[in-house]
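# Observations on the model geometry
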Amino acid sequence: MLAARVVPMVVFMLVGGIWADRLPRSRVMVFSNVVSAVTQALVAALLFSGTAEIWQLVVLAALNGTAGAFFFPASSGIVPQTVPEPLLQQANAALRLGLNSSTIVGGALGGLVVGLSSPAAGIAVDAASFLVSALLVSLIRLSPALRIEATNFLADLALGWREFSSRVWLWVIVIQFGLVNAIELGAEGVLGPAVAKEHLHGAIGWGLVLTADAIGLIVGGLLLLRVRPRRLLLTATLGYLLTVPFLFGLAIPLP
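Residues numbered from 1 in each chain as written. Predicted model: local features only at pLDDT ≥ 70, side-chain atom pairs only at ≥ 80, totals over all residues. Heavy atoms only, no water.

## Describing the packing of helix α7 (residues 168-199) against helix α8 (residues 202-226)
Which entries qualify depends on this criterion: Only the contacting stretch of a helix is used when fitting its axis, a line to C-alpha atoms as for every element, and angles between N-to-C directions run 0 to 180 degrees. The helix and strand labels rest on DSSP assignments: H or I over at least four residues marks a helix, E over at least two residues marks a strand, and numbering proceeds from the N terminus. Between 65 and 115 degrees an angle is taken as roughly perpendicular, under 35 as roughly parallel, over 145 as roughly antiparallel, and anywhere else as oblique. Working rule for handedness: look at the near helix, and if it is turned counterclockwise from the far one by less than a right angle, call the crossing left-handed; if clockwise, right-handed. Whether two residues are in contact is decided by their heavy atoms, any of which lying within 4.5 Å being enough. Throughout this entry, Asp, Glu, Lys and Arg are counted as charged residues, while Ala, Val, Leu, Ile, Met, Phe, Trp, Tyr, Cys and Pro are counted as nonpolar. The remaining residues, Gly among them, count as polar.
At a minimum axis separation of 8 Å, α7 and α8 run at an interaxial angle of 130°. The angle between α7 and α8 falls in the class oblique. Remark: the crossing between α7 and α8 carries right-handed chirality. The residues of α8 that touch α7, namely those facing E188, G192, P193, A196 and K197, are G202, W206, L210 and D213. The residue makeup of the contact of α7 with α8, split by class, is 4 nonpolar, 2 polar and 3 charged.

Here it is, written out as structure tokens:
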């Protein structure tokens, strides 16, 4: 299930980035949100009806991941279009702060909804949240001049790859965090819920763990609003070592 969502996201991310340059990014984000809302609503309907089969959930997860492949490049590219360059670091830190704050509420609320009702209800709430996102993003107005003129699609893809591969620091950090994310997200997404079910009082306990994780993310975001490290990537790489104790805590597992 997790692979069905992640693999299409990785495969179509470059394509999504090119279309984010050719079309108004806010529209790409709205369309992606609507597709994500529909896929999650269908998952919730299947679970509510008790007729869900693995292959159906895999197909819907793949569609959801494809939508995400278009959303994330557009959402990253829209920040420099709406914020002056000297404020980009603060803007990105503030954006992460908002995302992580919502993760606190979402993690606690998700655990509560699933614990008191069912996973289907939690996914139905998730579907509704995508529609709220689509509504809010649709209010963003961008200048048409900010859009890149369409050229040859394959040429754009080749140019993007050359720009990426020519910067050693960039592809090295991408490979590193690709491995880190695979390990961490695999542990959190697969091992975490299983450990929570056996040792941490189920969905409510796991919701509290994710809430605590998000609190730490907010603290990091607040620090980056005030601190400007001279070597940002080195700081970020070393900072990520703080995630290791949590993975060992799942493996033991700790209370």
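## Examining the side chain of R25
Within the element layout of this structure, R25 appears in helix α2 (residues 25-49). Contacts of R25, omitting those with residues within four sequence positions, involve A20, A74, G77, I78, Q81 and L142.

## A short note on the environment of S117
The criterion, for reference: Only protein chains enter the accessibility calculation, which uses a 1.4 Å probe. A residue is then buried if its area is under 20% of the maximum for its type, exposed if over 50%, and partly exposed in between. We define a polar contact as two N or O atoms separated by no more than 3.5 Å, with the added condition that, inside protein, one atom must be a possible hydrogen donor and the other a possible acceptor, whereas residues neighbouring each other in sequence contribute only through side-chain atom pairs.
As for its placement among the helices and strands, S117 is situated in the loop between α4 (88-116) and α5 (119-137). Take S117: its relative accessible area is 46%, and that puts it in the partly exposed class. From its side chain, S117 meets the backbone oxygen of V113 in a polar contact 2.3 Å long.

## Points about helix α1 (residues 2-22)
Applicable threshold: Each helix should span, by expectation, one fewer than its residue count multiplied by 1.5 Å. Note that bend, as reported per residue, equals the angle between axes fitted to the 7 residues terminating at that residue and the 7 residues originating from it.
Here α1 spans 30 Å end to end across 21 residues, near enough to the 30 Å set by a 1.5 Å rise per residue. The principal kink in α1, of about 50°, is found at F12. Listed in full, the buried residues belonging to α1 are A4, P8, M9, G16, I18, A20 and R22. Contacts from the buried residues of α1 go to α2, α3 (54-82) and α6 (153-165).

Honestly, that's just the spatial picture; any functional story needs more than this.
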